[in-house]
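# Coordinate inspection notes
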There are 2 protein chains.
Amino acid sequence: MNAAPGDATRAAAARLLQRCEELAAVSASADGIERVHLSPEHARVNAMAAQWLTAAGLSTWQDAAGNQWGRLEGAEPGLPALVLGSHLDTVPDAGRYDGILGVVTAIEVAARLAPDRAELPFALEVVAFGDEEGTRFGTALLGSRAVAGTWLEEWWDVADAAGTTLRQASSAFGLDPDRIGEAARRPEDLVGYLELHIEQGPQLEAAGRALGVVTSIAGARRFAGRVVGEARHAGGTPYGRRRDALVGASQVVLAVERLAVETGGIATVGRLQAHPGGVNVVPGLVEFSLDVRAEHDAARDDLVARVTASARETCAARGLSVELHETHSAPGVYCDAALTESVVAGIAATGDHDPVRLYSRAGHDAMAVAAVTPVAMIFVRCEDGISHHPAEDVTLEDVALGLVALEAAVRDVARRRSAAR
Amino acid sequence: MNAAPGDATRAAAARLLQRCEELAAVSASADGIERVHLSPEHARVNAMAAQWLTAAGLSTWQDAAGNQWGRLEGAEPGLPALVLGSHLDTVPDAGRYDGILGVVTAIEVAARLAPDRAELPFALEVVAFGDEEGTRFGTALLGSRAVAGTWLEEWWDVADAAGTTLRQASSAFGLDPDRIGEAARRPEDLVGYLELHIEQGPQLEAAGRALGVVTSIAGARRFAGRVVGEARHAGGTPYGRRRDALVGASQVVLAVERLAVETGGIATVGRLQAHPGGVNVVPGLVEFSLDVRAEHDAARDDLVARVTASARETCAARGLSVELHETHSAPGVYCDAALTESVVAGIAATGDHDPVRLYSRAGHDAMAVAAVTPVAMIFVRCEDGISHHPAEDVTLEDVALGLVALEAAVRDVARRRSAAR
């Protein structure tokens with residue numbers, strides 16, 4: 001379906017994989033990859049990206065939210081920018097490619113366009129967002145929401161597991177929270193945003209295609225949940241006297257799966273811990289996270305309502321209370337029709353003239369950026385659909401095809417924009 | 001049912017409650033009471049107990065396992081000892097009385113007997129065990145098992161949550177692991193062991209009695225459990241591709257409760273945590289604890305077998321593996337008939353001539369000590385049966401009655417022993 005990439009492209013793809021390895025080595029954990037927002041690891045990978053951007057001929061800066069940027073001026077200085085990018089932060093015990101592949105590919109595409117900059121009817125920018133996953137503060141897309149100008153003041157007081165607020169972490173990182181507004185881009189300064197990302201699902205592999213066109217991105221809602229009961233001695237307390245928060249929370253976990261399957265949505269409890277955590281103590285408190293997605297926002301909100309009602313009923317029957325505090329909500333986003341035509345043209349350059357179209361069940365920076373400029377996305381096949389796991393993998397050939405497609409898509413945007421003038 | 005204690009006894013009880021408060025102030029946590037084996041807090045409370053023992057006229061020492069002892073010689077030096085005691089370690093976010101009340105009451109009883117030491121046909125010893133709960137290393141009764149001479153070499157390699165082994169922690173505490181055998185007592189050096197403890201259950205309160213006689217102590221078996229699935233992206237992974245360890249573990253938690261209720265046993269999952277713990281990651285691993293008890297060992301072992309079979313079946317159906325590694329096993333123990341007669345005589349001194357007899361669903365140091373000398377126990381009523389919780393409470397009057405009963409029980413053992421000579 002795809003033409004085999006040439007030797008030069010394969011060599012470039014090998015370099016991209018090498019850069020993914022170099023970034024993977026920057027981790028807060030000795031056992032796996034973990035790189036969270038505003039951490040020392042965040043600063044180190046920004047510096048690495050800045051070095052690669054500079055080598056590619058771009059001017060570089062870190063914005064007020066901690067995102068790393070590079071800019072290649074076009075035919076004349078100060079033109080609106082077409083932005084390519086993704087994120088460099090990770091989940092705990094992460095893979096090597098989620099977000100990262102999009103950043104290193106964007107840098108390579110900029111390097112390839114640099115010799116032709118005098119013909120570009122826009123500036124070309126590359127962005128490496130500092131927080132997409134929300135691993136540290138629960139609230140996701142902090143980097144891209146700052147860029148989109150959709151920052152909420154209340155986020156400053158959100159704290160990480162160690163009790164450090166986002167405001168404190170930003171200051172410690174060397175950023176000035178009072179200048180966060182300077183990270184926001186104006187719509188008139190932007191042409192659009194193109195993001196290449198691994199699929200993080202099994203559909204392209206099942207279809208036998210290297211690349212796919214993203215039609216829309218499902219918006220996640222996230223909650224911090226608590227089930228409150230009463231801690232008691234595990235031996236001395238008969239069942240009739242127990243208010244075991246873990247037994248209630250376990251029923252909630254099972255209901256989340258059942259209701260999601262019933263409604264065709266996706267809901268996940270990814271984090272759960274029982275307190276106080278003594279082997280001989282009936283748990284008095286359980287803290288957990290809830291992540292809810294569906295193809296359309298209405299279906300997702302309906303699923304949230306069903307889960308909430310079920311959890312309340314289940315817990316009330318056991319004398320437990322349950323709280324679900326919303327920590328994140330992103331509306332679903334449709335990719336821009338015109339930019340998506342350029343993505344299709346880009347994939348056509350790899351020999352695939354009828355690419356798979358699919359919606360993204362995972363959230364992406366493009367969702368947030370869509371608030372300020374049109375967005376489109378290319379998905380790259382990943383092995384067995386595995387992501388957010390050390391086994392996350394891509395082939396060198398698919399990376400090469402993604403590089404070809406992203407470069408061709410950018411050239412297509414340039415051609416259409418020049419023709420429209 | 002009980003005679004009201006006199007003013008002097010009430011004053012002594014007030015002092016015991018004051019000592020419980022002083023011990024409660026020694027905590028690793030600013031938010032609640034947590035005092036684990038071989039911690040700096042352990043060393044501090046041992047020093048406090050030693051000071052009180054010395055003031056009561058006892059000679060003191062800390063043994064090779066970190067237990068604090070005091071000894072009052074009897075009619076002649078070197079007589080076998082009647083030991084009174086309990087433990088000073090706690091669960092996380094503990095109450096003020098579990099174990100502690102037994103230690104401070106034992107010290108007070110020794111102080112009251114000191115003037116009459118020349119008439120005692122035994123030495124009187126007080127012990128404050130350093131680990132009963134097993135909070136730090138999962139393995140419980142470390143202090144009393146060292147004294148009973150039932151120490152297992154394999155325990156040295158058990159590690160706490162920070163990865164510190166018991167061997168390392170012992171050395172850091174100033175103990176010599178190679179001398180652990182010196183903590184073991186010989187049967188011929190002991191007369192018996194009497195332990196006063198809060199009930200940690202609601203039965204005495206329901207019966208309207210301050211004190212109870214313990215007939216036997218149910219033996220707990222404890223397991224460290226793991227459910228292993230596969231961590232994946234929460235958005236991109238459809239339900240058919242998920243191997244969600246938390247959904248499987250939740251089914252196990254519910255089965256544990258159902259099977260325990262069906263068989264009349266008690267089984268508790270007190271500790272549970274999902275990994276890697278990202279809000280948008282399907283959990284690939286869940287670690288949990290399991291504590292199983294029943295009135296008789298055979299019923300308990302049957303419950304363990306049912307839970308194990310159920311967990312295997314449930315997890316296999318979801319493509320998950322489950323492991324249950326036994327970390328602790330204590331056989332159920334029957335209290336000694338003769339010593340229990342002295343406990344009944346002790347409670348009779350409070351005016352209750354037909355005391356409630358009950359078995360202990362909670363484990364106690366007496367279980368371990370029973371391997372080396374006869375044991376008996378007095379239970380003191382606690383409010384609403386709450387234990388292993390900051391709300392754990394006792395009344396001053398009940399503490400006074402417990403003090404009267406324990407002293408009278410010791411005098412009864414002395415009387416019987418002298419009469420038998």
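For the structure, see preceding data.
Worth saying up front: this structure is predicted, and the values here are computed from it rather than measured.

### Focus on the pattern of salt bridges
Residues and elements named next belong to chain A. Counted by the stated rule, this structure contains 66 salt bridges over all chains. Of the charged contacts, one joins Asp116 and Arg411 as a salt bridge, the two residues approaching to 2.9 Å between their closest N and O atoms. On the criterion of sequence distance, the pair formed by Asp116 in the loop between helix 3 (100-113) and strand 4 (123-129) and Arg411 in helix 11 (residues 396-420) is long-range, its members being 295 residues apart. You can call Arg411 partly exposed: its relative accessible area is 32%.

### Regarding the interface of chain B and chain A
At the junction of the two partners, chain B supplies 59 residues and chain A supplies 59 residues. Three residues, B:His233, B:Tyr239 and B:Val279, lead the burial of chain B against chain A; their summed loss comes to 14% of the area buried on that side. At the boundary of chain B with chain A, the tally comes to six salt bridges. The shortest N-O distance in the salt bridge between B:Arg232 and A:Asp384 comes to 3.1 Å. Counting across the interface, chain B meets chain A through 22 residue pairs in polar contact (both at pLDDT 80 or more). If you list the elements that add at least two residues to the side of chain B that touches chain A, you get strand 8 (232-233), helix 7 (245-263), strand 9 (266-268), strand 10 (272-275), strand 11 (281-282) and strand 12 (285-293) of chain B. Sort the elements by how many residues they give to the side of chain B that touches chain A and helix 7 of chain B lands first, with nine residues. Here the residues of the side of chain B that touches chain A sort into 25 nonpolar, 20 polar and 14 charged.

### Quick notes on the relation of the copies chain B and chain A
Turning chain B through 180 degrees and shifting it by 0.0 Å along the axis lays it on chain A, with an RMSD of 0.1 Å. The two molecules are tied by a two-fold rotation axis, judged by turn and shift. A symmetric contact is evident, with 100% of the interface residues of chain B recurring at the interface of chain A.

### Observations regarding the packing of helix 1 (residues 7-24) of chain B against helix 2 (residues 40-55) of chain B
Residues and elements named next belong to chain B. At a closest axis distance of 10 Å, the pairing of helix 1 and helix 2 adopts a crossing angle of 155 degrees. Comparing their axes, helix 2 and helix 1 come out roughly antiparallel. Relative to helix 2, helix 1 is oriented so that their crossing is right-handed. Listed contacts from helix 2 to Arg19, Glu22 and Leu23 of helix 1 are Val45, Met48 and Trp52. Its residues assigned to classes, the contact of helix 1 with helix 2 shows four nonpolar, no polar and two charged.

### Structural notes on the pairing of strand 2 (residues 68-72) of chain A
All names here are of chain A. The element strand 2 is largely enclosed, with a buried count of five among its five residues. Residues Gln68, Gly70 and Leu72 line one face of strand 2 and the alternating positions Trp69 and Arg71 line the opposite face, and both faces are buried. Sheet topology places strand 1 (residues 59-62) next to strand 2; four bridges connect them, and they run antiparallel. Bridging across to strand 2, Trp61 finds its partner in Trp69. In textbook terms, the turn of a hairpin is the stretch between consecutive antiparallel strands, and for strand 1 and strand 2 this stretch comprises five residues, one of which, Gly66, has a positive phi near 90 degrees. Bridging between strand 2 and strand 4 involves five bridges; their strand directions are antiparallel. Bridged to Gly70 within strand 4 is Val126.

### A closer look at the packing of aromatic side chains
Residues and elements named next belong to chain A. All chains considered together, the criterion is met by eight aromatic pairs over all chains. Taken together, a centroid distance of 6.2 Å and an interplanar angle of 55 degrees make the contact between Phe129 and Tyr193 tilted. Residue Phe129 is located in strand 4, and its partner Tyr193 is located in strand 5 (residues 190-198); the two are separated by 64 residues in the primary sequence. Looking at Phe129, the relative accessible area reads 1%, which means it is buried. Given a relative accessible area of 1%, Tyr193 falls into the buried group. Clustering of aromatic rings is evident, with ring pairs tying together Trp151, Trp155 and Trp156. Just above the ring of Trp69 sits the side chain of Arg185; from NZ or CZ to the centre is 4.9 Å. Positioned above the aromatic ring of Tyr239, the side-chain terminus of Arg242 is 4.6 Å from the ring centre.

### A closer look at the packing of helix 3 of chain A against helix 11 of chain A
All names here are of chain A. It is at 10 Å that the axes of helix 3 and helix 11 come closest, and there the two elements cross at 55 degrees. As summarised for this structure, helix 3 and helix 11 are arranged oblique, according to the angle between their axes. Between helix 3 and helix 11 lies a crossing whose hand is right-handed. Facing helix 3, whose interface residues are Leu101, Thr105, Ala106, Glu108, Val109, Arg112 and Leu113, helix 11 presents Val399, Gly402, Leu403, Leu406, Glu407, Val410 and Arg411. Across the contact of helix 3 with helix 11, the residue classes tally to eight nonpolar, two polar and four charged.

### Some points on a negative patch on the surface
Residue and element names in this part refer to chain A. On the surface, Glu153, Glu154, Asp157, Asp176 and Asp178 cluster together into a patch of negative charge. Tracing the backbone through its elements, the reader meets Asp176 in the loop between helix 5 (166-173) and strand 5. We classify Asp176 as partly exposed; its relative accessible area is 36%.

### Observations regarding the environment of A:His87
Residues and elements named next belong to chain A. With respect to the helices, strands and loops of the structure, His87 is situated in strand 3 (residues 81-87). You can call His87 buried: its relative accessible area is 0%. Note: C-alpha distance between His87 and Ala128 (41 residues apart in sequence) is 5.0 Å. Those residues in contact with His87 that sit more than four places away from it in its chain are Asp98, Gly99, Ile100, Val103, Phe129, Glu132, Glu133, His197 and Asp365. Of the polar contacts made by the side chain of His87, one reaches the side chain of Asp89; its length is 2.9 Å.

### A few points about the side chain of A:His233
Its place among the elements puts A:His233 in strand 8 (residues 232-233). Among the residues examined, A:His233 registers a relative accessible area of 3% and is labelled buried. In contact with A:His233, not counting residues within four places along its chain, are A:Asn280, A:Val282, B:Gln200, B:Arg293, B:Ala362, B:Ser387 and B:His388.

### Some remarks on unusual backbone geometry
All names here are of chain A. A cis amide bond links His275 to the next residue, Pro276, at an omega of 0 degrees. Relative to the helices and strands, Pro276 is located in the loop between strand 10 (272-275) and strand 11 (281-282). Its identity as a non-glycine residue notwithstanding, Leu38 has a phi of 65 degrees, on the positive side. Turning to its location among the elements, Leu38 is positioned in the loop between helix 1 (7-24) and helix 2 (40-55). Judged by its relative accessible area of 7%, Leu38 is buried. Even without being a glycine, Gln200 presents a positive backbone phi close to 65 degrees. With respect to the helices and strands, Gln200 occurs in the loop between strand 5 and helix 6 (203-207).

### So, helix 3 of chain A
Between its first and last C-alpha, helix 3 of chain A extends 20 Å over 14 residues, near the 20 Å set by a 1.5 Å rise per residue. Burial runs high along helix 3 of chain A: twelve of the 14 residues are buried.

### What to know about the side chain of A:Thr139
All names here are of chain A. Assignment of secondary structure puts Thr139 in the loop between strand 4 and helix 4 (142-148). Assessed through its relative accessible area of 3%, Thr139 is described here as buried. A polar side-chain atom of Thr139 sits 3.4 Å from the main-chain carbonyl oxygen of Thr327. When sequence neighbours within four positions are dropped, the list of residues in contact with Thr139 reads Asp131, Gly134, Trp155, Val158 and Thr327.

Reading the values: rules and limits
- Residues numbered from 1 in each chain as written.
- Chains lettered and ligands numbered in written order.
- Predicted model: local features only at pLDDT ≥ 70, side-chain atom pairs only at ≥ 80, totals over all residues.
- Heavy atoms only, no water.
- Salt bridge = Lys/Arg side-chain N within 4 Å of Asp/Glu carboxyl O.
- Helix = DSSP H or I, 4+ residues; strand = E, 2+ residues; numbered from the N terminus.
- Buried < 20%, exposed > 50% of the residue type's maximum accessible area, 1.4 Å probe, protein only.
- Contact = heavy atoms within 4.5 Å.
- Buried area = accessible area lost by both parts, 1.4 Å probe.
- Polar contact = N/O pair within 3.5 Å; in protein donor to acceptor, adjacent residues only side chain to side chain.
- Nonpolar A, V, L, I, M, F, W, Y, C, P; charged D, E, K, R; others polar.
- Least-squares fit on C-alpha atoms with pLDDT ≥ 70 in both.
- Axes fitted to C-alpha atoms, helices over the stretch in contact; angles between N-to-C directions.
- Parallel < 35°, antiparallel > 145°, perpendicular 65-115°, else oblique.
- Left-handed = near helix turned anticlockwise from the far one by under 90°.
- Pairing = 2+ DSSP bridges.
- Phe/Tyr/Trp six-rings, centres within 6.5 Å; stacked < 30°, edge-to-face > 60°.
- Lys NZ or Arg CZ within 6 Å of the ring centre and 35° of its normal.
- Patch = residues over 30% accessible without salt bridge, like charges linked within 9 Å, V, L, I, M, F, W, Y side chains within 5 Å.
- Areas by Shrake-Rupley, 256 points an atom, 1.4 Å probe, with all protein chains shown as cover.
- Lys, Arg positive; Asp, Glu negative; His and termini not counted.
- Charge placed at Lys NZ, Arg CZ, Asp CG, Glu CD.
- Expected span 1.5 Å × (residues − 1).

Function cannot be inferred from these measures alone, as they are strictly geometric.
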